[in-house]
There are 2 protein chains.
Amino acid sequence: MTPPIAIDPAAIERYVRELAEHGACGQTGVCRPAYSPAWVAAQEQVGAWCAGAGLTTWQDAAGSVWGRLAGSEPGPVVATGSHIDSVVPGGRYDGALGVIAGILAVRALRERHGPPRRSIDVVSFAQEENSRFPRSGLWSSRSITGLARPEELDTIRTYEGETLRAVLRSVGLDPGEMLSARRDDIAAFIELHVEQGPVLEEAGLAVGIVDAITGSSTFNVTITGRADHAGGCPMDLRRDPMTAVVPIVDGVLRTARAMGRPAVTTVGRMLVEPNLSGIVPEHVFFTVNARHPFLDGYDELRARHTALLEQVRAAHPELGIDWTVGAGPPTPCDPGMVRLLEDTAREQGIATLTMPSGGGHDTQVMAGICPSVMIFVQSRDGRSHTPDEYTAPEHAAAGVQLLAAALHRLAY
Amino acid sequence: MTPPIAIDPAAIERYVRELAEHGACGQTGVCRPAYSPAWVAAQEQVGAWCAGAGLTTWQDAAGSVWGRLAGSEPGPVVATGSHIDSVVPGGRYDGALGVIAGILAVRALRERHGPPRRSIDVVSFAQEENSRFPRSGLWSSRSITGLARPEELDTIRTYEGETLRAVLRSVGLDPGEMLSARRDDIAAFIELHVEQGPVLEEAGLAVGIVDAITGSSTFNVTITGRADHAGGCPMDLRRDPMTAVVPIVDGVLRTARAMGRPAVTTVGRMLVEPNLSGIVPEHVFFTVNARHPFLDGYDELRARHTALLEQVRAAHPELGIDWTVGAGPPTPCDPGMVRLLEDTAREQGIATLTMPSGGGHDTQVMAGICPSVMIFVQSRDGRSHTPDEYTAPEHAAAGVQLLAAALHRLAY
């Protein structure tokens, strides 16, 4: 049994605020897209903290910063970490808290228990969000796990059109070395992250244990009608895309509500052309994002949305209704790792909820090479991807305590 | 009885193409916002054509170009015309055809019948569209009828923020003289315009006679919810504006369809914030534009839309649902002028349909100072406010023939 490992909430808060100075925007916001100057400075800060905690540090070819507390025995390592790149504008906690948690947990273990048997690696991933590269996230974990392909260096581009290859070079990384980022010596991975919803707050708990990471499908729907004058064209002669937008949006939201938790569907993006009050739209484009953490529910949700789209298309021969689907299936967390966290939490006296993650995370990639799991900490009002993000220091400390105790079990 | 007045379709087509060179964009488009360099050149062209047709020409303080065929008797004049400013991008016919029609009709009358008893004025209005000044259209007809107020010179601004006063000065007009544009000597006004819908084409007719100009109300609706993570927040804890957008859009379109022609309602503009596929919207803004050419129907349509908005607001206490309404009531055309056109069309052997106008026009303003009416000509596929606008020369010629014959009745 691992003795209780007290973590100082004030230290967490201090680290969070200090890291947030890199890319600070507004009162509490962070604008730190991957490989930006603010991101470079923040990764240097992470490296300095790792060194200060007695870890050996290095940066891999994808830009991830690693810090190692060397073990007394050879063999695979135990790893923990998260990302410090942000959406624009994002908050101080998403990703960043998991990197800080790793450093503070390992520092606490070293101070109390000395060197571990197995080495413990803390990682600060390079590119988790797709805030700079719209068609890509998770580049650094995909590099670590061998999923990243060299040709992507030229196909992944920023919103402005710059290739990933050029961006990596601009921060002193060598794209030709990308395959060297691959790791095959990681035995287990744990990521601590703020919950991106209000479930823990609703349950009155500080900490959650993630048993599955959501699958996420996005239907990119385009409906094409005919742009008519809003006064000149009678209703019965129109080909108005809005007449098909309504039953689709209505239906997909109803389906997710009817299936109940943890099914969710969101229509978050809509573009109307020409978007004038006096013109019937020619085109309406919108997204239907459907998520479910378990394969059965994920497949059912997708199938019901697809059936509805086909039904509305059949009912509106006067319109062009087309869609593409970007799909990523759910990833179960390792059951053994989930049990290890549940047992450790009980030992440490931390009440937890085992729950799925509704967001995607580097952990879903890491799960491809080793048993992986996540720890969630409560986020006030469930805020996420906004400068409003806030996690109380004592909630964060409970999560870091669980992380440290779990690492102790795995590495000592 | 007025003898048939043959109008050469080829001449119309030649004038249309020549005027479209000013502000030409794309293969068939026209980008000619009011007071732009292209508009200045086009107004000069109109003045030159008027002079060439034997008319005395001048420009008033709002920028309208006038051409007069002087009558043998003193007293009020008969006027015809339309506008040459365009939406961006617009087509060759909207407005322009009515100016060309006036010039060709008066030229034909002068050649066949000599000077009239009453003077006939052809007018090319200055600013009918709101393509440059988003909060204002109809400036020049409002100046002619005394509705334009001097303080508007500083409150009406372009999309870029320039005042109307500065814009008028930039093209050599004197804003201090704006009140001089007022006319109180117009006895009757006829505007020829392309239909902005497919009704004449559906009926197989070249020419329509407008008995009413639509009323138009725009509800600017804002729905505010809460931006949640598309995966992290369960459906039952969301405050998603889309859940209220759906019944409102559905309901207003159903109401207009149920009321039948000539009621129309359009949801043409929608903006979502933050407009990301992975975030539940915080705000959705959209327009509900409701039009009806007769007061009873106009009032009923507005009342039913208002009742629906209130009902959806009551059903969604978790959302903020607010709206403002910009309203312009319908304008009946002068019944005597409608009958005059109907009688004249029969005499000339032109089959017509008496119909309302679904778009707003300078005629609705001119109706405030004199008996006014409009002639519609068929627009292929009902296209309007697009480079796709096209009116067959022979259809246009039938409309110009009716215009000329009506002017003959009124002025000879």
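Residues numbered from 1 in each chain as written. Chains lettered and ligands numbered in written order. Predicted model: local features only at pLDDT ≥ 70, side-chain atom pairs only at ≥ 80, totals over all residues.

Moving on: the overall build of chain A. The number of helices and strands found in chain A is twelve helices and 16 strands. When the backbone C-alpha atoms are referred to their principal axes, chain A occupies close to 80 × 45 × 40 Å. By residue count, 59% of the 412 residues in chain A fall in the buried class. At a minimum sequence separation of 6, the contacts of chain A that also span at least 24 residues come to 77%. (Helix = DSSP H or I, 4+ residues; strand = E, 2+ residues; numbered from the N terminus. Buried ≥ 20, exposed ≤ 12 C-beta atoms within 10 Å, placed from the backbone. Contact = placed C-beta atoms within 7 Å.)

On the side of chain B, 51 residues touch chain A, which itself brings 50 residues to the contact. Among the secondary structure elements, those contributing two or more residues to the side of chain A that touches chain B are β9 (215–224), α8 (242–259), β10 (264–266), β11 (270–273) and β12 (283–292) of chain A. Among the elements that line the side of chain A that touches chain B, the one with the most residues is α8(A), at eight residues. A per-class count over the side of chain A that touches chain B returns 21 nonpolar, 22 polar and seven charged. (Nonpolar A, V, L, I, M, F, W, Y, C, P; charged D, E, K, R; others polar.)

Take the relation of the copies chain A and chain B next. Superposing chain A onto chain B requires a rotation of 179° together with a translation of 0.1 Å along the rotation axis, leaving an RMSD of 0.1 Å. Each copy turns onto its partner about a two-fold axis. No C-alpha of chain A lies nearer the rotation axis than that of V246(A), which sits 2.8 Å from it. A shared binding surface is used by both copies, with 100% of the interface residues of chain A retained as interface residues in chain B. (Least-squares fit on C-alpha atoms with pLDDT ≥ 70 in both.)

What follows covers the environment of Q401(A). All names here are of chain A. Note that Q401 resides in helix α12 (residues 393–411). When the C-alpha atoms of Q401 and I7 are compared, they prove to be 6.0 Å apart, with 394 residues separating the residues in sequence. When residues no more than four places from it in sequence are discounted, the contact partners of Q401 are I5, I7, Q348 and I350.

All names here are of chain A. For the bond from V88 to P89, the omega torsion is -5°, close enough to zero to count as cis. Secondary-structure assignment places P89 in the loop between β5 (77–83) and α3 (96–113). With a phi angle near 70°, Y35 is a residue other than glycine that sits in the positive phi range. Mapping Y35 onto the fold places it in the loop between β2 (29–30) and α2 (37–52). On the basis of neighbour count, Y35 is assigned to the buried category, with 23 C-beta atoms found within 10 Å. Residue L138 is not a glycine yet carries a positive backbone phi of 65°. Within the fold, L138 resides in the loop between β6 (120–125) and α4 (139–144). Residue L138 is classed as buried on the basis of its C-beta count, with 25 C-beta atoms lying within 10 Å.

Turning our attention to α12(A). The end-to-end C-alpha separation of α12(A) is 26 Å, in line with the 27 Å expected for 19 residues at 1.5 Å each. Burial analysis of α12(A) places 16 of its 19 residues in the buried class, the great majority of the element. (Expected span 1.5 Å × (residues − 1).)

Moving on to the domain arrangement of chain A. Residue and element names in this part refer to chain A. The domain architecture assigned to chain A consists of domain 1 (9–213 + 330–411) and domain 2 (215–328). Of note, the centres of domain 1 and domain 2, computed from C-alpha atoms alone, are 35 Å apart. With seven residues of domain 1 at the interface, the matching set in domain 2 holds eleven residues. Breaking the side of domain 1 that touches domain 2 down by element, the ones donating at least two residues are β8 (207–213) and β15 (352–357). Per-class residue counts for the side of domain 1 that touches domain 2 are four nonpolar, three polar and no charged. (Domains from an automatic or database assignment.)

Overall, the prediction assigns chain A a mean pLDDT of 96, with 100% of residues at 70 or greater. Predicted complex, confidence summary: ipTM 0.89, pTM 0.89. (pLDDT = per-residue confidence, 0-100.)

The next thing to look at is the packing of helix α1 (residues 9–20) of chain B against helix α3 (residues 96–113) of chain B. Residue and element names in this part refer to chain B. The N-to-C vectors of α1 and α3 enclose an angle of 130°; their axes lie 10 Å apart at closest approach. If you check the angle between α1 and α3, you find them oblique. Relative to α3, α1 is oriented so that their crossing is right-handed. Residues A11, I12, Y15, V16 and L19 of α1 form the contact with α3, whose participating residues are A96, L97, I100 and L104. (Axes fitted to C-alpha atoms, helices over the stretch in contact; angles between N-to-C directions. Parallel < 35°, antiparallel > 145°, perpendicular 65-115°, else oblique. Left-handed = near helix turned anticlockwise from the far one by under 90°.)

Residues and elements named next belong to chain A. Where strand β3 (residues 56–59) meets strand β4 (residues 65–69), four bridges bridge the pair, whose relative direction is antiparallel. Bridge pairing links T57 to G67 in β4. Linking β3 to β4, which pair antiparallel, is a turn of five residues; within it G63 sits at a positive phi near 105°. (Pairing = 2+ DSSP bridges.)

Here we take up the environment of I321(B). Residue and element names in this part refer to chain B. Here I321 shows up in strand β13 (residues 320–328). Separated by 76 residues in the primary sequence, I321 and V245 place their C-alpha atoms 9.7 Å from one another. If we ignore the near neighbours within four places in the chain, the residues touching I321 are I223, A244, L309, V312, R313 and H316.

This part is about the environment of N275(A). Position of N275(A) relative to the elements: it lies in the loop between β11 and β12. Residues N275(A) and A227(A), spaced 48 residues apart in sequence, show a C-alpha to C-alpha distance of 10.0 Å.

Residues and elements named next belong to chain B. With 14 residues, helix α10 (residues 335–348) should cover 20 Å at 1.5 Å per step; its first-to-last C-alpha distance of 20 Å lies within 8% of that length. Residues M337, L340, L341, T344, A345 and Q348 constitute the buried set of α10. Relative to the axis of α10, the buried residues are bounded by an arc of 130° and lie together on one face. Turned more than 90 degrees away from the buried face of α10, the exposed residues are P335, G336 and R346. In this structure, the buried residues of α10 make contact with β7 (186–194), β8 (207–213), β15 (352–357), β16 (372–377) and α12 (393–411). (Arc of directions from axis to C-beta.)

Residue and element names in this part refer to chain B. In contact at an axis separation of 8 Å, α1 and α12 are set at 105° when each is read in the N-to-C sense. With respect to α12, the element α1 is oriented roughly perpendicular. Two secondary-structure elements touch here, α1 through P9, A10, I12 and E13 and α12 through P393, E394, A396, A397 and V400. For the contact of α1 with α12, a count of residues per class yields seven nonpolar, no polar and two charged.

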